[in-house]
Amino acid sequence: MTDFAARRVMMVDTQVRPSDVTKFPIIAAMLTIPREAFVPTQFRETAYVGEPIALGGGRVMLDARVLAKLLDALNILPTEMVLDIGCGLGYSAAVVSRLADAVVAVETDPMAGDAQTRLLAQSIDNVAVIAGPLAQGCAKHGPYDVVIIQGGVEMISPEIQKQIKDGGRIAAVFMDGPLGVAKIGYKSGKEMSWRSVFDASLPVLADFVVKKDFAL
């Protein structure tokens, strides 16, 4: 029988801690949440490898290093509400659920239903998975203290930015061709200011591609 608990410890010790992620709540969440329960069945044995895991349709589950570093930079507080965009099969929302007061996760069908089922199977009851277009977020339950996008972006829609509280923040990996940089955006009034935090590379989510003008 595979010892997934031992693999979780190894993941934290070899992927997370060496990446200067030291906040105890993040470490504790990643040691507790069974990553193997949130990947496609065929990838359970490779759930703890240090690279993104394919979810199908060009989508991936972020590797532990990138997710942990984004969460470290966001510094989510226990009183905050978080919008998790593109939660995949629910792993990111599960980890964030241990840091925040509540999580609203947005995912497209049928993955949204699968994510909610997996979260409930782990008795995680402070996450609501909403099915819908990722670029629309979930205004109904906003505004949010924190927004995190689980995939590469070329831009962030005004609709998403409106759902961030004044004084709130957002994390995303901005891609320019094959190169990317993780940034934290801080909202003040209607303005966003951005800080680059580390280099990363992720497939760009279809909903966050800059539409190019057609020209002959």
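Our structure's up above, just so we're on the same page.
Rules behind the numbers
Residues numbered from 1 in each chain as written. Predicted model: local features only at pLDDT ≥ 70, side-chain atom pairs only at ≥ 80, totals over all residues. Heavy atoms only, no water. Buried < 20%, exposed > 50% of the residue type's maximum accessible area, 1.4 Å probe, protein only. Helix = DSSP H or I, 4+ residues; strand = E, 2+ residues; numbered from the N terminus. Pairing = 2+ DSSP bridges. Core = buried A, V, L, I, M, F, W, Y, C linked by side-chain atoms within 4.5 Å. Contact = heavy atoms within 4.5 Å. Polar contact = N/O pair within 3.5 Å; in protein donor to acceptor, adjacent residues only side chain to side chain. Salt bridge = Lys/Arg side-chain N within 4 Å of Asp/Glu carboxyl O. Phe/Tyr/Trp six-rings, centres within 6.5 Å; stacked < 30°, edge-to-face > 60°. Lys NZ or Arg CZ within 6 Å of the ring centre and 35° of its normal.

**Student:** Before we move on, can you summarise the pairing of strand β6 (residues 144–153) with the specific residues and values?
**Tutor:** Counting buried positions over the 10 residues of β6 gives 10, a clear majority of the element. Taken together, the 4 bridges between strand β3 (residues 81–85) and β6 define a ladder with parallel strand orientation. If you follow Ile-85 over to β6, its bridge partner there is Ile-149. Alignment of β6 against strand β7 (residues 164–176), held across 6 bridges, turns out to be parallel. Paired with Tyr-144 across the two strands is Ile-164, which belongs to β7.

**Student:** Tell me about the nonpolar core, residues and numbers included.
**Tutor:** By size, the foremost hydrophobic cluster in this structure holds 58 residues, and its most contacted members are Met-30, Leu-71, Ile-76 and Tyr-91. For this core, the element with the highest residue contribution is helix α3 (residues 64–74), accounting for 8 residues. In contact with Met-30, other than residues within four places in its own chain, are Arg-8, Met-11, Val-12, Val-16, Ala-64, Leu-67, Ala-68, Tyr-91 and Val-95.

**Student:** Break down unusual backbone geometry for me, citing the residues and quoting the values.
**Tutor:** The phi angle of most residues is negative, glycine excepted, and most peptide bonds adopt the trans form. Following Asp-109, the chain continues into Pro-110 via a peptide bond in cis, with omega recorded as 0°. Structurally, the position occupied by Pro-110 is in the loop between β4 (102–107) and α5 (111–121). Residue Pro-143 is reached from Gly-142 by a cis peptide bond, and omega for that bond is 0°. Within the secondary structure, Pro-143 sits in the loop between β5 (127–131) and β6. Of note, the phi angle at Asp-20 is positive, near 65°, even though the residue is not glycine. With respect to the element layout, Asp-20 can be found in the loop between α1 (4–16) and α2 (24–32). The class of Asp-20 is exposed, set by a relative accessible area of 62%. Phi angles above zero are rare outside glycine, and Ser-123 is one such case at about 60°. Here Ser-123 is to be found in the loop between α5 and β5.

**Student:** Run through α3, naming residues and quoting values.
**Tutor:** In terms of burial, α3 is a largely internal element, 10 of the 11 residues being buried. What α3 keeps buried is the set Ala-64, Val-66, Leu-67, Ala-68, Lys-69, Leu-70, Leu-71, Asp-72, Ala-73 and Leu-74. Just past α3, the residue Asn-75 takes up positive phi, approximately 50°.

**Student:** Tell me about the side chain of Arg-59, and name the residues and values.
**Tutor:** Positionally, Arg-59 belongs in strand β2 (residues 59–61). Taking relative accessible area as the criterion, Arg-59 reaches 12% and is therefore assigned buried. For Arg-59, the side chain forms a polar contact with the side chain of Glu-107, separated by 2.7 Å. Apart from the residues lying within four places of it in its own chain, the contact partners of Arg-59 are Ile-53, Ala-54, Gly-86, Cys-87, Gly-88, Glu-107, Thr-108, Met-111, Leu-134 and Leu-205.

**Student:** Now, about the pattern of salt bridges: what can you tell me, with residues and values included?
**Tutor:** Here the structure, examined in full by the defined rule, presents 8 salt bridges. Where Arg-17 meets Asp-13, a salt bridge forms, and the shortest distance between an N and an O atom there is 3.1 Å. Of the charged contacts in the structure, one is a salt bridge between Arg-118 and Asp-114, with a shortest N-O distance of 2.8 Å. Of this pair, Arg-118 and Asp-114 both sit in helix α5, 4 residues apart, which is roughly one turn of that helix.

**Student:** Run through the environment of Ser-19, naming residues and quoting values.
**Tutor:** Within the secondary structure, Ser-19 sits in the loop between α1 and α2. Each residue touching Ser-19, except ones within four places of it in the same chain, is listed here: Arg-65 and Lys-69.

**Student:** Summarise the packing of aromatic side chains; cite the residues concerned and give the values.
**Tutor:** Evaluation of the coordinates by the stated rule reveals 3 aromatic pairs. Aromatic pair Phe-4 and Tyr-48: ring centres 6.2 Å apart, planes at 40°, arrangement tilted. With Phe-4 in helix α1 and Tyr-48 in the loop between α2 and β1 (53–56), the pair connects residues that are 44 residues apart, well separated along the chain. Neither residue differs from the other here; Phe-4 and Tyr-48 are each classed as buried. Note on Phe-174 and Trp-194: the rings are 5.0 Å apart at their centroids and 80° apart in plane angle, and the pair reads as edge-to-face. Of this pair, Phe-174 sits in strand β7 while Trp-194 sits in strand β9 (residues 191–199); the two residues are 20 residues apart in sequence, bridging distant segments of the chain. The class for Trp-194 is partly exposed, based on a relative accessible area of 35%. The ring of Phe-174 has Lys-183 sitting right over it, with the charged end atom 5.2 Å from the ring centre.

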